[in-house]
Amino acid sequence: QCNAIKLNATAGKPPLPPRQQPQQQQDHELSSLGSRARGETRLSSAALSRHRLKMSLKRGGPPPAPSSGAAVMTTSLSASSLDQQVRLKECVKQQQRRRQQQATFIRSDMADVPVQQAAGSTLPLVLTRKKGGDDGEDGTYNPFEHRKVVHPTSDMETFVHLLKGSLGSGILAMPMAFANAGLWFGLIATFAVGALCTYCVHILVKCAHILCRRRKIPMMGFADVAEQAFLDGPPALNRWSRFIRFMVNTFLVFDLLGCCCIYLVFVATNLQQVVDDYLVTNLSVRYWIVIVTAPLVFMCLVRNLKFLTPFSMIANILMFVGIVITFVYMFSDLPAPAERDGIVKPTQWPLFFGTVIFALEGIGVVMSLENDMKNPTHFIGCPSVLNFGMGLVIGLYTLVGFFGYLKYGPETEASITLNLPKGDKLAQSVKLMIAIAIFFTFTLQFYVPVSILWKGIESKISAARQNISEYALRVGLVVLCCAIAVALPNLGPFISLIGAVCLSTLGMIVPSVIELAVYYEEPGYGTFKWRLWKNAGLILFGIVGFITGTYVSIREFQAEFQGGH
């Protein structure tokens, strides 16, 4: 239809005046010269008038008034030709609008397609298919076949990495979590919270697979999944795509830096307890935090993970040996379960929730593990690597929490190692081993937030100043962690605060919102919109945990500062 309009619009233009025959006689040349001059004058005026009319239509304004010199030629433009040109212009605008509506955002480095830079997103703009559905246009696109992983991991290797990423210092805080819930209520609630955390990881990975097929992208990270889901979801969420990416990265940085602060407090507290048994120092834990931070400033200047690998191996060995010896002390001379509270008052439950979330939640590493797998489809499902790994982690954490609280009762400390006998040299060696293991783990935990922050500011710094700027960033972050740890040197509320603020958001709220956005059009929310109600419940649970955990943790810090802790 648009082509027909173009032909009609061209046909409506006035014809050019006929040219003079070159064989005219010489005696008529003088008389015809004047007429040709007058015709050329009228012709040039008509051409100028047509040019002005075209430019006016392109700008969307009214056609210009014809000049007196072009009045003869412009009157030959009929009203029908003007209508056809207006219709042509509207047709072009409709085509442009359709192209803009069909456009979407994907990562160019993953999709291998030509791109145009878009100002509204961190992802380049390309023209792709209409959103909806789980597969590509041909229904055969498999993102796992397009992944370029140099050394893909097997299912067993991924299982080991999942255990290593989930089993950390949080296991030593599980007895304190049971002390804030009760022996039997903590047993049931730990399994329930662990199941919710595992299910939310399933949601995140499944949505990542759907988006990879839908947009023909081989792999995505956590922030990539969140941004693409908002771009793929309801129109009201499209404008918030950059914000959700920024929020995910921000909470990841806060979570990891918060863990670094907890590591400083943990190491300093254990060192203080060991040294005070043999030396009279009278140094508070705040001074020990500063002492521990001093060597970490230099260790964190190492920018290559390859040089940190030996420290990681030493940390794993020391942590394993220390936990085994701790179990020996914990399972000796156990009292009867009736001597412990089966359930405590609800005002303490938020501390339990924050601590368990901090201990169990490993959602920050799951996308990296899934992206490196040789068979990514084995990561989720039933049975799957995730189910086996998280099942073992939840069982081990529940075991430590249950028997740790059963052993020490109301005297349970924020770290179970602090309850070990002070006069026993083997127990003191356990504290030193675990403290050294956490000390070396600090550098590995510190690597991820530095990488996220540095990638965000690297392009804004000149090449001549990048090295000194990165070193300054690393030193500044270590000093910041030290300052926060000195200001808040109580392990219990600190662990609960990080779990409630960061991990309830990343582990429950964000995956639920991502699923709502991904399932918005296809395949939908299901019968009676059960996915909508289910995710609304998860979001509400995460928000309640966020608010109550934060409030109770702050009250604990306030009581400590006032001397009533």
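Residues numbered from 1 in each chain as written. Predicted model: local features only at pLDDT ≥ 70, side-chain atom pairs only at ≥ 80, totals over all residues. Heavy atoms only, no water.

K.L.:
Tell me what's going on with a nonpolar patch on the surface, and back it up with residues and numbers.
P.N.:
On the surface, I317, F320, V321 and V324 cluster together into a nonpolar patch covering about 370 Å² of accessible area. With respect to the element layout, V321 can be found in helix α13 (residues 309-330). We classify V321 as partly exposed; its relative accessible area is 33%. (Patch = residues over 30% accessible without salt bridge, like charges linked within 9 Å, V, L, I, M, F, W, Y side chains within 5 Å. Areas by Shrake-Rupley, 256 points an atom, 1.4 Å probe, with all protein chains shown as cover. Salt bridge = Lys/Arg side-chain N within 4 Å of Asp/Glu carboxyl O. Helix = DSSP H or I, 4+ residues; strand = E, 2+ residues; numbered from the N terminus. Buried < 20%, exposed > 50% of the residue type's maximum accessible area, 1.4 Å probe, protein only.)

K.L.:
Give a detailed account of the packing of aromatic side chains, specifying residues and quantitative values.
P.N.:
Think of a pair of aromatic rings as described by two things: how far the centres are apart, and how the planes are tilted against each other in angle. Inspection of every chain in the model, using the stated rule, returns 12 aromatic pairs. For the pair W184 and F402, a centre-to-centre distance of 5.5 Å together with 55° between the ring planes defines the contact as tilted. Highlighted residues: W184 in helix α8 (residues 183-215) and F402 in helix α16 (residues 385-408), separated in sequence by 218 residues. For F402, a relative accessible area of 11% translates into the label buried. Measuring from centroid to centroid gives 6.3 Å for F494 and F557, while their planes differ by 80°, and the two rings are edge-to-face. Linking F494 in helix α19 (residues 491-518) with F557 in helix α20 (residues 530-561), this pair joins segments that are 63 residues apart in sequence. Exposure remark for F494: the relative accessible area of 3% places this residue in the buried category. (Phe/Tyr/Trp six-rings, centres within 6.5 Å; stacked < 30°, edge-to-face > 60°.)

K.L.:
Before we move on, could you go through the side chain of N371 and cite the residues and values that matter?
P.N.:
Secondary-structure assignment places N371 in helix α15 (residues 363-371). Look past the residues within four positions of N371 in its chain and what remains in contact with it is R147, V149, M219, M220 and G221. (Contact = heavy atoms within 4.5 Å.)

K.L.:
Account for the pattern of salt bridges, with residues named and values stated.
P.N.:
Note that side chains of opposite charge can pair when their charged atoms are close. If you walk through the whole model with that rule in mind, you get 8 salt bridges. Linking R245 and D224 is a salt bridge whose minimum nitrogen-to-oxygen distance equals 2.7 Å. Residue R245 is located in helix α11 (residues 241-278), and its partner D224 is located in helix α9 (residues 222-232); the two are separated by 21 residues in the primary sequence. On the accessibility criterion, R245 (16% relative accessible area) is buried. The class of D224 is buried, set by a relative accessible area of 11%. In this structure, the salt-bridge partner of R303 is E470, at a minimum N-O distance of 3.0 Å. Here the residue R303 occupies a position in the loop between α12 (285-299) and α13, and E470 occupies one in helix α18 (residues 466-487), the gap between them amounting to 167 residues. Taken together, the shared-partner salt bridges connect R214, R215 and D232 into one network.

K.L.:
Before we move on, could you go through the confidence of the model for the protein and cite the residues and values that matter?
P.N.:
Looking at the protein as a whole, its pLDDT mean stands at 78, while 75% of the residues score no less than 70. Taken as a whole, residues 4-14 scores under 50 in pLDDT and shows 16 contacts with residues more than four places along the chain or in a different chain. Note on residues 67-77: pLDDT is under 50 here. Beyond four places in sequence and across chains, it has 16 contacts. (pLDDT = per-residue confidence, 0-100.)

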